[in-house]
Structure formats: C-alpha cells, structure tokens
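# Working through the structure, step by step
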Amino acid sequence: MEQYRVTGMSCAACAARVEKAVGKVDGVSSCSVNLLTNSLGVEGSVSPQKIIQAVVDAGYGAELKGGTTSSTGGADKQKSFASQRSGASDADDLADTQSPALLRRLCFSLAFLLPLMYLSMGRAMLGFPLPKFLEQNPLAVGLAQLLLSAAVLVINQKFFTNGIGSLLRGGPNMDSLVALGSGASFVYSAAVLFKMTGADSHAAHAYLHDLYFEGAAMILALITVGKLLEARSKGKTTNALKALMNLSPKVATLVRDGTEVAVPIEEVKAGDIFVVRPGQSFPVDGIVLEGSGAVDESALTGESLAVDKKAGDKVTGGTLNQAGFLKCQATRVGQDTTISQIIKMVEGAAATKAPAQKIADKVSGVFVPAVIAIAAVTFAAWLFAGKDFGFALARAISVLVISCPCALGLATPVAIMVANGVAAKNGILFKTAAALEEAGKIKVAALDKTGTITQGQPRVTDIFFAQGVEKQELLEAALDVEQNSEHPLSKAILACAKESGLAARPVTNFMALAGHGVKALSSDGQELLAGSVDFIVELLQGQNCGAADSLACQHSALDAAQEFSAQGKTPLAFARGKKLLGVIAVSDTIKEDSAAAIRDLRSLGIKTVMLTGDNKKTASFIAGLAGVDQTLAGLLPDQKAAAIESLKKEGKVAMVGDGINDAVALTAADIGVAIGAGTDVAIDAADIVLAKNSLSDVATAIRLSRAALRNIKQNLFWAFLYNALGIPLAAGAWIWLLGWKMNPMFGAAAMSLSSFCVVTNALRLNFFRAKNSRNAGKEKNMTKTIKIEGLMCGHCDARVKKALEAVPGVASANADHEKGQAVVELSADVADEALKAAVEAQDYKVLGID
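Criteria and thresholds
- Residues numbered from 1 in each chain as written.
- Predicted model: local features only at pLDDT ≥ 70, side-chain atom pairs only at ≥ 80, totals over all residues.
- Heavy atoms only, no water.
- Helix = DSSP H or I, 4+ residues; strand = E, 2+ residues; numbered from the N terminus.
- Buried < 20%, exposed > 50% of the residue type's maximum accessible area, 1.4 Å probe, protein only.
- Contact = heavy atoms within 4.5 Å.
- Areas by Shrake-Rupley, 256 points an atom, 1.4 Å probe, with all protein chains shown as cover.
- Salt bridge = Lys/Arg side-chain N within 4 Å of Asp/Glu carboxyl O.
- Axes fitted to C-alpha atoms, helices over the stretch in contact; angles between N-to-C directions.
- Parallel < 35°, antiparallel > 145°, perpendicular 65-115°, else oblique.
- Phe/Tyr/Trp six-rings, centres within 6.5 Å; stacked < 30°, edge-to-face > 60°.
- Core = buried A, V, L, I, M, F, W, Y, C linked by side-chain atoms within 4.5 Å.
- pLDDT = per-residue confidence, 0-100.
- Pairing = 2+ DSSP bridges.
- Patch = residues over 30% accessible without salt bridge, like charges linked within 9 Å, V, L, I, M, F, W, Y side chains within 5 Å.
- Left-handed = near helix turned anticlockwise from the far one by under 90°.

With that out of the way, let us pick up the overall build of the protein. Looking only at helices and strands, the protein has 34 helices and 31 strands in total. Within the span of the protein, comprising 850 residues, buried residues form 52% of the whole. Considering only intrachain contacts with a sequence separation of at least 6, the fraction spanning at least 24 residues in the protein is 68%. Of the accessible surface of the protein, which amounts to about 37,400 Å², a share of 57% is contributed by carbon and sulfur atoms.

When the charged atoms of two side chains lie near each other, side chains of opposite charge can form a pair. By the definition in use, this model includes 20 salt bridges. Between Lys640 and Asp448 there is a salt bridge; the shortest N-O distance is 3.0 Å. Taken together, the residues span a long stretch of sequence, with Lys640 in helix H26 (residues 637-647) and Asp448 in strand S16 (residues 444-448) at a distance of 192 residues. What emerges from the salt-bridge pattern is a single network uniting Glu437, Glu438, Lys441 and Lys652.

For the rest of this paragraph, the subject is the packing of helix H8 (residues 157-168) against helix H9 (residues 174-196). Put simply, H8 and H9 touch, their axes get as near as 7 Å, and they point 110° apart. Relative to H9, H8 is oriented roughly perpendicular. Together, Phe159, Phe160, Asn162, Gly163, Ile164, Ser166 and Leu167 of H8 and Asp175, Ser176, Val178, Ala179, Leu180, Ser182 and Gly183 of H9 make up the contact between the two elements.

Before going further, it helps to examine the packing of aromatic side chains. Applying the stated rule across the entire model yields 5 aromatic pairs. Between Phe186 and Phe213, the aromatic rings sit 5.5 Å apart at their centres with planes inclined by 70°, giving edge-to-face as the arrangement. Placement of the pair is Phe186 in helix H9 and Phe213 in helix H11 (residues 213-237), with a sequence separation of 27 residues. In terms of burial, Phe186 and Phe213 fall into one category: buried.

In terms of nonpolar packing, the biggest core is built from 130 residues, with Met9, Val22, Leu40, Val42, Phe430, Ile453 and Ile688 touching the most fellow members. The element contributing the most residues to this core is helix H29 (residues 696-731), with 14 residues. Every residue in contact with Val42, bar those within four places of it in the chain, is listed here: Met1, Glu2, Tyr4, Val22, Val28, Ser30, Cys31 and Ile51. Listed in part, the 36 residues of the second largest apolar core include Val533, Ile536, Ala561 and Val830.

Time to look at the environment of Leu180. Turning to its location among the elements, Leu180 is positioned in helix H9. Taking relative accessible area as the criterion, Leu180 reaches 26% and is therefore assigned partly exposed. C-alpha of Leu180 to C-alpha of Ala396: the two residues are 216 residues apart in sequence and 9.9 Å apart in space. Residue contacts for Leu180: discarding those within four places in its chain leaves Leu167, Ile372 and Leu400.

Turning our attention to unusual backbone geometry. Positive phi, close to 55°, is recorded for Asp257, a residue that is not glycine. Locating Asp257 in the fold gives a position in the loop between strand S6 (251-256) and strand S7 (259-264).

Our focus in this paragraph is the confidence of the model for the protein. Averaged over all residues, the pLDDT of the protein equals 80, while 84% of them reach at least 70. Here helix H3 (residues 75-82) is the element of the protein with the lowest mean pLDDT, 36, and strand S8 (residues 273-276) is the one with the highest, 94. Below a pLDDT of 50 lies the segment residues 773-781, which in the model reaches 16 contacts outside its immediate sequence neighbourhood of four places, other chains included.

We now examine the sheet that holds strand S23 (residues 607-611). Pairing is mixed across the open sheet formed by 7 strands, whose spatial order is S15-S27-S26-S25-S16-S23-S24. Lying at the two open borders of the sheet, with one neighbouring strand each, are strand S15 (428-430) and strand S24 (630-632). The average undirected angle you get between the axes of adjacent strands in this sheet is 20°. As paired strands, S16 and S23 are joined by 5 bridges and run parallel to one another. Bridging across to S23, Ala445 finds its partner in Thr608.

Turning to the sheet that holds strand S31 (residues 845-849), a few remarks are in order. With antiparallel pairing, 4 strands are arranged side by side in an open sheet as S29-S30-S28-S31. The open sheet has two free edges, formed respectively by strand S29 (810-816) and S31, since each of these has just one partner strand. Averaged over all pairs of adjacent strands, the angle between their axes in this sheet comes to 25°, without regard to strand direction. For S29 and strand S30 (residues 821-826), the ladder comprises 6 bridges, and the chain directions are antiparallel. Residue Ser812 lies in a different strand from S30, and its bridge partner there is Glu825. Packed onto the sheet, helix H34 (residues 832-840) meets strand S28 (782-789), S29, S30 and S31 and runs at close to 155° relative to S31.

What follows deals with a nonpolar patch on the surface. Nonpolar side chains collect at one region of the surface, where Trp734, Leu737, Leu738 and Trp740 lie side by side and expose about 450 Å² of accessible area between them. Among the secondary structure elements, Trp734 is positioned in the loop between H29 and helix H30 (735-738).

It is worth spelling out the environment of His209 at this point. Mapped onto the secondary structure, His209 falls in the loop between helix H10 (201-207) and H11. The sequence separation of His209 and Val192 amounts to 17 residues, and the corresponding C-alpha distance is 9.9 Å.

The exposure class of Asp448 is buried, given its relative accessible area of 4%. Every residue in contact with Asp448, bar those within four places of it in the chain, is listed here: Ile453, Leu611, Lys640, Met655, Val656, Gly657, Asp658 and Asp662.

Helices that pack against each other are described as a pair by the angle of their axes relative to one another and the distance between those axes. Between H9 and helix H16 (residues 389-402), whose axes approach to 8 Å, the crossing angle comes to 160°. Our classification of the angle between H9 and H16 gives roughly antiparallel. Both H9 and H16 take part in a crossing whose hand is left-handed. Along the contact surface, H9 presents Leu177, Leu180, Gly181, Ala184, Ser185 and Tyr188, while H16 presents Phe389, Gly390, Leu393, Ile397, Leu400 and Val401.

This is the structure in structure tokens:
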C-alpha cells in the first residue's frame, strides 16, 4: 500500500471527499484516509502523479511519503507544503504542529473578543459603564463592534478560505458550516448597522440589540478552542507510535580497523561490527559476537524483566543495554530492522479502516450538505411562522455551528490508533484495523501444538536409574554414545548432559541401528547402546547380573517406559558393557504459561481446540496438561485448514500458529495469529503478530479488541446522539413545547467540545493493562508450595497432581519431581493438614508446606 501525506483536511467530510476523489482514479483498487495522521493509503496499479493530481483537484495537497513527488492545490496548500521537506521522517509527520498555531490564533482572538463582549453585553447584561464618548452614540458602539469582530474574522480567516473554497468546489466541510454561520452573523449585523445611520437616537439604541457581531466573533473563538483541545488530544493518540520511532539511536559506534567510529545510523550496513555500552540502545538488529549483558526489551515486547545476552544471541535495534559491554554484528539495517517492521505494521493498521467506520463514513459524506439544507429550511420555516428576520437567522446559525461531522469521523480512527499503540507497547501487532475490531468477536481459538502450546524443542523430562546406577554415570554414557547422532532426541539428551557440566569422551565404531537406536565403543573398549527400551532389554536379557536382578531391572525399565509413553513422552534406554543403566524420557514440554493462557481464553467464553500432526496419545497428554476443550490429532496442513472451515460453524475462528505448516490454516481462519518466534511465512499469513513467544498474549489481544470495540461504539453513540439532539434543539424544535431556545454562541461551544469528548474517551484506552496469564490465578487465588520426599518420575508427579486437585478448594496443582515439590493454587481456604493427608495417602512424605 502506497502512503501519501495530505494537507488541508479539517474534518471527516474532507477525508470523505479525498477518498471519493482518489477512489475514482482508474487502477485504484482501494484507498483510505486517516484524518489523525493526515495520511492516505492507496492500493492498486496507478502512478503517484495521478493520485496526487486527484487530491489536488479535490482541493487539497498531497505528497508521496519517502519520495520527492509533491503537488499542491491553492495558495494555502502551497504555504503548507513549503514548510515540509520532501521525504520528511514519519516522526515529523506525527509531530503536533497544529496546537502552537491554534494557541496563537486563540490568544490574538481573545485580545479583540474581550473588549467586543464588553461593548456588546457588558452594559446590557451586567450594567458595566461605557466610555462617555460612546454612551450616547449607539452608531459609534456599533462601528466599534464591527471593527473588533472584523479583526477576529481576519485572525481566523482560515475558516473562510477553506470553508468557502470547499463550498464553491461542491464539497462543503465543517469549515464551511463555521464560515456560513459566522459570516451570516457578521453580514446581517453590518446591514443593521447601515440601518442605524438613518435612524433617530431611540431607534438606533434599539438596533443595538439586533447586532450579532459578538456572536460572529465568539463562534470563531469557541471553535478554535475546540480545535485546540482536539489537536492536543489527537497528538496524544499517536504517543505510542512516536515512542517507537524514537527508540533507535541516531548514531552507531562501529569498529573499523580496530578503531571505534561514531557514524549516523543511516550509514550502518549489514555485516558491520558495532559496540554497545551500558545505558546505550542497539542501533540495528544484530548478533552478539563478544561479551555478555542484560538487555531491556520492554519497549518492544512489554516484558519488564531484562533478558540476558551472550555470544551467539540475537539483539534487536531500539532495545536498551542495561549492563555489560557487547560487540555485535549487524544483520538487519534500515527498513529491515524489527523496530522498522513494527512501525510499518502499526502505520499500516492506521491506514486501514475498521468495518464499524463504514456507517460513519457514509453519514459524513452527506452530513454537511444536509445540515446546510436543514439550516435553510429552519430559516424559511421561522419566517413563515411569523418570526422576525433576526430570530429566524439566529436559529439557522445555531443549526450550522452546532453540527459536528468531526465527531462522527473521529469516533473510530482515534480508538483504533490508541488501541494499536497500546497493543504495540505490549508486543501485539495488528496488521489492519479490521483485525483489531474482529479479534474481539472470536468464538473459537484453534491452537497449533508444537511451538505454540509447547516449547517446540524436545528436552529431557524424566530420568529412571537402574539399581546401583548413579545419575552421572547414566548421563555420561548417554552423552558419549549420542554425541555423533543427528537425531532431534539426541540433541535434547546432549543438552541435558552438558547442563550437568559433563563433557563428551571420544568413542569409536559409532553405528546407527536403523529403527532401533545407536551403538559405539567407549575409550575403555566397552560397548555403549542407546535406543528403544524393548530393543535394549531384548539385547541385554539375562546378561546384567544374576537372573533375578536382571529380570527386576528389565521389568522396572519396561514399567517406567510404559509410564513415560502414557504421558506422551519418548523413552530411551541406555546400556554399557552389557549392563542396563536406565531410561531417559524426552518430550516437547508445554510452555509455562500455556495452561494459564488457555484458562484465560476459556474465561472469555472462547472454545479452545488444539490442532496437531502428532499421534493421538501424545496429543491427548498435552491436551490434558493444557486444558483445551477439544483435540484434533494426526492432521496434515491442508487438513488443518479443513478443520478451521468446520469450526467456523460455531462462530468466528482464530488460528494461532508459528510454523510453515500453519500458513494455510492461518489464512483460512477469520483471524490468523502468528507467534513472533515463528517463521516468516506464518507471520506474513497472519492478521495479528505476537512479538513475544507467549500464548498468553492471544487473550490480551482479544481483551484489547473488545475494549476498543466498546470504545468505538461509545464514540459513535455519542456522535450520533449529539447531532440527533443538538440539531433539532438549535433549530428551535422545542420552543413551542418547552420554550427551549439556543443562542448561536452556545451552539458553537457545544460543537467545539463534541470532538474533544470523542478523542478524550478514546484516550481512556491508554489505561488498558495486559493481564499476565502466568500471574492471573495468583491475583485471585492463594498459592502454597509443598515440599515432598519420594517423587521420582513423571508418574509420581501425575499421582500427586491428581490427589491434590481432588481436595475441595484446590484450583490447580503441579508437581515437579526434579524440584521435589508441588505448587497448588487455592480458590478457598484449605488446611495444610488436608493437603498433607492427600499427598501422604499416595505413599509420599511431606517435608513442609509454605
């Protein structure tokens, strides 16, 4: 989507006119205007010159972002563009340049408005004295009012140049309404002033009550106040995006020929070596070559804890080095950095429109002409009803100045912009406004297993030792025999052994036993075996030690293997010198926050379904740990897409995945969600990208979407209600029944506050706080940790977990034999004795409860 800067727009009617003009250009497939960022997004095969010309013909100015092509329409547009440099930075685009100008205009206006109000209303309403040379000269009072109000009109001439110009081009906007209302007041008052010249003293004093010079000036001043408040509030809606743009430093410290050189960040190229000291930000994405440190990534991921970095780890541009000296190599620079891609996604979402905005856009397109027609009808109706010209004109002016198309036009985009900023701060990226709106309507969440619910990397979960074997002896043999294997399970065992501080010893005659395992000779000539338990036991049968001991060892190993298999894990047996050493279970473990995240989704009324290509036994075990509502196992990529189509019968479906094999399902779903640590293919196919590798952010994204949708509905309700009630009141519809009559100045005050209220309501989304699923239960429930003696394997963990969760008041329990403890979350007070009794009933000993 090509992005353009647009100048000269003042309200939703302007945006609608630009959109309509560009939409008519041949080759444009879609376009959208963002009034907040004054930007235009265009899709299609059409040259920038044609787009710019269409905008100019509509009466506005345009320039291609990042390019040199620019054009303008009208003197005011030329002046606006003269102050802009071609290819200005996006941060400059978002800078609040309106507020200072509006504040100056308001101050100058007040300097003339205050004496004008004193002359026109001070004596009549408050009894203030007039200067003696004016006291008996009503014509001089009128002339003074004319001059003062004319000064205010000149100061605020932009309303007239923009408004009348748009009206003459057949595209009236909010400025047109203000210009008509204020101009009509001024012209009518000037006509009355001419009448005063031929009237006697008594009649001239009476004519003073028919002057509306103060109304003409006050309308402009109040609208300027409203625009000032609106501009400041709108500036805050893009704070999050501006913060992202300011993350990356302007200068990088490169190492060239052994010397540190400071260069502008634009000059950094892929492959350059750069250094970052404590307190400095990383200029670009890279990989650590030397050193170690702690990096604050909260600006991108929302994670408050610093992340340790060492040689080989990736670093991201814009993140802050809190401790340690790091030498890195640049991998992605310029527009390819992670921060640039995030900014592009946020801006892209702002350039699109949410479905809820379509109604407001349709109304905004015809709103101003309709209001002008209503004002004309109001004027004629009151004249026909026998009211004098001044009364009828006041009602018509009130209709013009109270009407507010901006409130309608801003209702959706301000909420979308603020919500996108909040999402970005929490590591959640919505690619389009539609994705932000639709995410809150999800009824079913389809979750890929590997890499989404689970870690995506096999690791050792359980170790069973044969009688008389120590853990180190088993791990040493496993490390030696598996060191030359390329199997993924072997890598998990090697990682476990190395974490224990062991180093591989040389082996010879390494050989893979197809379908069974591997074998090798140790340095002392003993045969090392690794493979499936059945295979190893069959080889060693009767050769361990005495027959009774051998049978017991084999049965114990087989029992352990069966337990591990029942839990969806892969058991591997190891032997050395014809002696069975033990069994090691390897599994792709569930992420720490997956179960809590799935509970969070279910609490939102969302059905959770796990999709996986794994076998049913493994899938069922993982599903039990995660707590999903439904499991579909043994699925190929196209079958996952078919499953998504089937789930759509139950409502809108979100697919959450991270791999290449998830891309088809992500596209098939109503909303595709990609885990940030996933493949580029998955990220490209998704509608929402999670920067953190955490499933808990799915619920956060849905919760934020629902908050944004509520805010949009509130804004639209207020905008429609305001106009639905305000216009009839201004027209005098309630005079006959309740005697309610509106002064045009109060109408202008109401108009000035309407848009401000909409923008301020949207800013409330900044108070949204992401709920951390990992701590969600702890906020409501009490947590206790039970120290247990006798836990040996995953089977023990499962027995204790089941026993504890059967105790009334226990919300959940998790046992860990490696730590020798169980952690329980309580939804009600539970006595320690009850927890102890439940554990010891399973023949384990409780050492203490914290």
